[in-house]
Amino acid sequence: MSTERLEASTTPDSELLDDARRIITGEDHQGEGNALYVVYVAVIAAGAYGVPASQQFFRFLDPAWMAQHLTGLRGLAAGVVVAAALLGLAFRAGSFRGPVVPDLPYLDHVASSPLDRAVVLRRWWRLGLLGAVFGGLLIGLVIGAGLAIAAVTSAVVIIPAVVIGSVLGLLVAGAWLQGQVRTWPDGDRGWGVFLRPSRSLRALHLTALRTQSARAVTIGGAVLAGDLRAARLDIAAPTTRGRKLRLRARGPVGTVVARDVLGLRRSPGALVTGMVLSGLAAYGLVHSASRGTPSVIALVCLLVGYFGVGAWSEGLRLQGDNTGTPPLIGLPARTEALAHLVLPGLLYAAVALVVGGVTLALGGGSGLGIGWAVVMVWLLLGSQLMAAFRGLPPMAVFTPGRGIGTTALWYAVPMLVPAIVGTASTALLTSSLASNAPLVLILGSYAAFLYGLRKVRTLNEAHRD
Amino acid sequence: MAKAGSKKSGSDTRLDLVATQVTKSIEDNVLLKPIDVRVRGGQCLVLRGENGSGKTTLLRILAGTMVPTEGTTTLDGRTIDERDPVTRREIAALIGAPTAYRDLTLYDHLVLVDATWGRGDGADERAMGMLTSLEIDHLDDRFPHELSSGQQQLFHLAMVLNRPSTVLLLDEPEQRLDTHKRGLLGQLLVDRKSAGHALVVACHDPELTAAIADRIVDVIPA
């Protein structure tokens, strides 16, 4: 048997790659068409929704406060902090899912070849870069236009806002790729490759690329199947804190509540995230009860509050994950679900009271506003019930052309309920029909709760057939 | 020990778990051919059969988590239905892996399961006792994701065995266990029989089967 050494091909890598891609996709420019469509939709959304929301937000904020905090050295410091936070987030995101995540067959059959990895992977990097820079540009445009329309500054601000947004987008893209490069423990992984895409792409290891690609497939499948547990387990760092802490028996319901307390003690990140988001939501809701406050404030706060209370609701979500399995917990599913709502409910009410009290002491808000922020707890808890017991997505998510929209809507429903009901009742509260506001809020909260509890029952029974 | 229902045959007050001509089909696919099984308190029935013969389906039907296409299942004359609190109280089942709380240790899981059944004082001791009986007490402060696959199986068994019940349904409890742990499991199940529990176990291990079975039913593939 003779051995034959392969000679290096004289055909440029880019041409070989084009051939490979033509074989895989059958077309030349499908990806570019999709990217252009995304750009088109983003521009429309920024103009139709982003700019109006931005100017409403800046109208709500006190111009004197903004002038004091967002100009001069303070403004510069705030800008640097925000930019650093964004870059840190992008770097961290890169370790879970970087900008360069081709599908597994491409990695196994093309990226594993001797072709220059900078050429093989640059398509994904360029898409990520384009998205980050264009996204930054649009965000700068939305913020600048909002400031100008709200008459906070002159229209000239749009130009630096767009430039700063674009540059920040470029840096974010670089940090994102750098975070991905750093997932492999050796090689060309220092900051010397930052924003040097060819060197960065060559530093990406096939095993690390495969890990991120497989994770993307797992998470994508989990989202489509309504199995967010699988996605959470893939993303979230496993709990290792407080292993010496012990759960103590406190009666059937009390032990379930104690379980949730112990869970939060072992997940301080979730505790703090919930505190910060719920605090922000309560701050805005306290103000939203005052006449003249734009309705968009209540809308944004309820969305933020949904995520805040959600950070404390892991016990409820885990119960939802367990529906249909032979029972281990000795409580009826409905009672167990209600027990899991005790801790997030109490925490939110406490945060709302403290934030409201401080706001009042500093001369903002009102007693009514504090009460309004607190009673939103029922709406937020009802939405958590709905979210934890979503069940399976409708078959329409698998329909070509409708999948993404249907999936997004299906996931958003529990979040939209408090946003819509809470915003509508708050709008009534600050109008001439204020006496109807509590009725709308009570009915909406009751409906969300009732629907959530019904889902608890139906999901527990659904597996029987 | 709590007993479900009220119908007893003659002077025999033992539990009576009965499946009569149960079948399961999904559209034209037959998952389980008609089968009769009966097991009394203090007895262990072992289900054997090749993969896909319907053992797990039968166990799900006996647990009341799946409705048979035809036939009936009763516990002491009362129809088995997972929605019925009596069914939930009496029947403990390990059919597939139960979902664990990722933020609770093994010890915490057992205390939680114990306490929610309102068993009163002593949850701590019972939890440690169960872990000790399966020789995994040294793992008490581990989180579920820190276990090997065999340890996971022992943990799942501990949770199921730690909740009060009179009927135990186990689907291949020996899987991923080493020879010594299979022996431990066999002894635990024999003890449960002696305490008057009714056991239905799908099992592929001849030694474990010999140790625990009073009767063996071969489930015939469709």
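Residues numbered from 1 in each chain as written. Chains lettered and ligands numbered in written order. Predicted model: local features only at pLDDT ≥ 70, side-chain atom pairs only at ≥ 80, totals over all residues. Heavy atoms only, no water.

Novice: Looking at this structure, how should I read the overall build of chain B?
Specialist: In terms of regular secondary structure, chain B is built from seven helices and nine strands. For a compact globule of 222 residues, the expected C-alpha radius of gyration is about 17 Å, and chain B comes in at 17 Å, within 12% of that figure. Its C-alpha atoms give chain B principal-axis dimensions of roughly 45 × 35 × 35 Å. By residue count, 57% of the 222 residues in chain B fall in the buried class. Restricting the contact set of chain B to residue pairs at least 6 apart, pairs at least 24 apart contribute 68%. Summed over its atoms, the accessible surface of chain B is roughly 8,800 Å², and 48% of this surface lies on carbon and sulfur atoms. Across chain B, the centroid of the 26 positively charged side chains sits 6 Å from that of the 32 negatively charged ones. (Helix = DSSP H or I, 4+ residues; strand = E, 2+ residues; numbered from the N terminus. Rg over C-alpha atoms; globule rule 2.2 N^0.38 Å. Buried < 20%, exposed > 50% of the residue type's maximum accessible area, 1.4 Å probe, protein only. Contact = heavy atoms within 4.5 Å. Areas by Shrake-Rupley, 256 points an atom, 1.4 Å probe, with all protein chains shown as cover. Lys, Arg positive; Asp, Glu negative; His and termini not counted. Charge placed at Lys NZ, Arg CZ, Asp CG, Glu CD.)

Novice: It is not clear to me how the domain arrangement of chain A should be interpreted in this structure. Could you clarify?
Specialist: Where interface size is given, it is often the accessible area lost as the parts come together that is meant. Residues and elements named next belong to chain A. Taken as a whole, chain A is organised into domain 1 (32–225) and domain 2 (252–462). For domain 1 and domain 2, the distance between their C-alpha centroids amounts to 30 Å. Contact residues are listed per partner, giving seven residues for domain 1 and eleven residues for domain 2. Between domain 1 and domain 2, a total of about 770 Å² is buried, with carbon and sulfur atoms accounting for 76% of that surface. (Domains from an automatic or database assignment. Buried area = accessible area lost by both parts, 1.4 Å probe.)

Novice: Looking at this structure, I do not really get the interface of chain B and chain A. What am I missing?
Specialist: Contact with chain B, which involves 39 residues of that partner, is made by 42 residues of chain A. Where chain B abuts chain A, roughly 3,700 Å² becomes buried across the two surfaces, and 54% of that area is made up of carbon and sulfur atoms. Between chain B and chain A we count seven salt bridges in total. With a closest N to O distance of 2.9 Å, A:E314 and B:R102 form a salt bridge. The interface formed by chain B and chain A holds 17 residue pairs in polar contact (both at pLDDT 80 or more) in total. Taken together, the elements giving at least two residues each to the side of chain B that touches chain A come down to α3 (106–116), α4 (123–133) and α5 (149–162) of chain B. At seven residues, α3(B) tops the list of elements feeding residues into the side of chain B that touches chain A. (Salt bridge = Lys/Arg side-chain N within 4 Å of Asp/Glu carboxyl O. Polar contact = N/O pair within 3.5 Å; in protein donor to acceptor, adjacent residues only side chain to side chain.)

Novice: Where do I start with the pattern of salt bridges in this structure?
Specialist: Any two side chains of opposite charge can pair, so long as their charged atoms come close to each other. Summed over all chains, the structure comprises 20 salt bridges over all chains. Of the charged contacts, one joins A:R210 and A:D108 as a salt bridge, the two residues approaching to 2.7 Å between their closest N and O atoms. Taken together, the residues A:R210 in helix α9 (residues 206–225) and A:D108 in helix α5 (residues 104–111) connect sequence positions 102 residues apart. In this structure A:R210 comes out as partly exposed when scored by relative accessible area, which is 33%. Across the salt bridge formed by B:E146 and A:R243, the nearest N and O atoms sit 2.7 Å from each other. Here B:E146, found in the loop between α4 and α5, pairs with A:R243, found in the loop between α10 (228–235) and α11 (252–266), and the two come from separate chains. The partly exposed category is assigned to B:E146, whose relative accessible area is 23%. Owing to a relative accessible area of 24%, A:R243 belongs among the partly exposed residues under this scheme. Linked through salt bridges whose partners overlap, the residues forming this network are A:R259, A:D260 and B:D103.

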